[in-house]
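# Summary of structural features
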Amino acid sequence: MADAQGTRHWDENHSRSFLDNGRYFVPERERQIEIIVDLIPPPAPGGLLVELCSGEGLLSHALLERFADCRVLALDGSAEMLEQTRETCRDQAGRLATAAFELGRRYWRTFSEPPQAIVSSLAIHHLDSHEKRTLFADLAAALRPGGVLVVADIVRPPSASGLDIAGRQWDEAVRARALAIDGDLAAFAEFNRLGWNYFRNLDGEPIDKPSSLAEQLSWLAEAGFTEVDCVWLFAGHAIFSGRKP
Ligand SMILES: C[S@@+](CC[C@H](N)C(=O)[O-])C[C@H]1O[C@@H](n2cnc3c(N)ncnc32)[C@H](O)[C@@H]1O
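Here's a quick rundown of the structure. (Residues numbered from 1 in each chain as written. Predicted model: local features only at pLDDT ≥ 70, side-chain atom pairs only at ≥ 80, totals over all residues. Heavy atoms only, no water.)

For the rest of this paragraph, the subject is the layout of surface pockets. Of the volumes computed, that of the second largest pocket is approximately 190 Å³. Lining the second largest pocket are 15 residues, and of these V155, P157, L213, L233 and G236 sit closest to its centre. Of all the secondary structure elements, the ones that give two or more residues to the lining of the second largest pocket are α6 (160-182), α8 (213-222) and β6 (226-234). For the lining of the second largest pocket, the leading source of residues is α6, giving four residues. (1 Å grid on protein atoms, 1.4 Å probe; cavity = no way out; pocket = protein on both sides within 12 Å on 5 of 7 lines; lining within 4 Å. Points joined across faces, edges and corners; volume = space filled by probe spheres on them. Helix = DSSP H or I, 4+ residues; strand = E, 2+ residues; numbered from the N terminus.)

Below, the structure is given as structure tokens:
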């Protein structure tokens, strides 16, 4: 879908494709979710955690499971994804709120109370560099002191060799997941058919605008975050975070 300026955005066809393929196409998905949750200091009872672009709700579910007293606000731009999040978290429905939002706009970035953590997986790369930088500054302002921002996302290696390594690792990861889940390579063939490996096809999908990891860490520091670090990186997918002093 394109807006009045001709910029393309995520639409419900993307949602369905990701719901069908996410379990194969996201490298070390379960480990990534565990690491994101591990990076969050235990919230005060009743504390608010926010997930940006919750997709099918696996990360929100993990937050609700790990922090039994917390509440989660899951935001997404897709009605289908929000429905999936509610379904995935149905056993914790009393502690989950969901709402539609547009990640790139600023109206939602003040919350009814300062969140103890804001997390996001595989979504912020849909913003351009300027939008990411603004987002990080706004989230630093919104968080409670001591709160953390944790981002899991694809990052763009600045060198040709880095792109090649990320591309190869992503292929290997999807191949292994296809075999482990189904015992065959049909999902890997689909990954190739869809041209999903960004590192092999940089201009293939206009909605993907990953920035380098180094840039994003510098934008977090510039926004005032401390303890800025990348704790995990594989196949061009990174988990990085910062803490509001
Ligand atoms: C690749 S999926 C990732 C879903 C989930 N976070 C995960 O890691 O499995 C991207 C998600 O971001 C949402 N999304 C993408 N662009 C968006 C935007 N501009 N505003 C709001 N949501 C957006 C999509 O609806 C989708 O749920």
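This part takes up the site of the ligand. Around the ligand lies a shell of 18 residues, among which R29, C53, D76, E102 and S121 are the nearest. Between G77 and the ligand, the recorded distance is 3.0 Å, taken from a backbone N or O atom to a nitrogen atom. Contact distances for the ligand include 2.9 Å between a nitrogen atom and a backbone N or O atom of L103. Considering the ligand on its own, with 600 Å² of exposed area, one finds that the protein chains cover 93% of that surface. When the residues that make up the shell around the ligand are grouped by side-chain class, the tally is eight nonpolar, six polar and four charged. (Near = heavy atom within 4 Å. Polar contact = N/O pair within 3.5 Å; in protein donor to acceptor, adjacent residues only side chain to side chain. Areas by Shrake-Rupley, 256 points an atom, 1.4 Å probe, with all protein chains shown as cover. Nonpolar A, V, L, I, M, F, W, Y, C, P; charged D, E, K, R; others polar.)

Before going further, it helps to examine helix α7 (residues 186-193). For an α-helix, the turn length of 3.6 residues means that residues three or four places apart are oriented alike. Inspection of α7 places A187, F188 and F191 among the buried residues, and these make up the whole buried set. End-on, the buried residues of α7 take up no more than an arc of 100 degrees, which puts them together on one face. Looking at the buried side of α7, the elements it contacts are α1 (12-25) and α6. G195, located one to two residues past α7, shows a positive phi value of around 60 degrees. (Buried < 20%, exposed > 50% of the residue type's maximum accessible area, 1.4 Å probe, protein only. Arc of directions from axis to C-beta. Contact = heavy atoms within 4.5 Å.)

Any functional reading would require information beyond the geometric quantities listed.
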